[in-house]
Amino acid sequence: MTLDGLERGHRARIVAVDWDRLAPQDGMRLRALGLDAGARVAIAHRGVFGGRDPIAVMIGRMTVAVRRGHASAMEIEPL
């Protein structure tokens, strides 16, 4: 299962990220924000238009907006 498929309010742990699917600068930004293997996350909100971008991801007490394409590169396991 990938992060873009996680239901709002459910918690999960990122088990792997396919960094090759992301642009190098996007990968650096996501790592700097803590979105890497081992991070515990939850979906706070999804966009309301078209592809439901962006996705608001909670990491600890921080909320980060990520694109659906970035979230689909993150494999998770529900907690």
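Residues numbered from 1 in each chain as written. Predicted model: local features only at pLDDT ≥ 70, side-chain atom pairs only at ≥ 80, totals over all residues. Heavy atoms only, no water.

Trainee: Sorry, what's going on with helix α1 (residues 24–32) here?
Mentor: Three or four residues apart is the spacing at which side chains of an α-helix point the same way, because the helix has 3.6 residues per turn. Along α1, the residues that are buried comprise D26, G27 and L30. Projected down its long axis, α1 shows its buried positions confined to an angular sector of 100°, all on one face. Counted as exposed and oriented over 90 degrees from the buried face of α1: P24, Q25, M28 and A32. Next to the buried residues of α1 lie β4 (62–66), α2 (68–71) and β5 (74–78). Two residues or fewer after α1 comes G34, characterised by a positive phi angle close to 95°. (Buried < 20%, exposed > 50% of the residue type's maximum accessible area, 1.4 Å probe, protein only. Helix = DSSP H or I, 4+ residues; strand = E, 2+ residues; numbered from the N terminus. Arc of directions from axis to C-beta. Contact = heavy atoms within 4.5 Å.)

Trainee: Could you clarify how one ought to interpret the environment of V64 in this entry?
Mentor: With respect to the helices and strands, the residue V64 is situated in strand β4. In this structure, V64 is in contact with L33, L35, I55, A56, V57 and I59, ignoring residues within four places of it in sequence.

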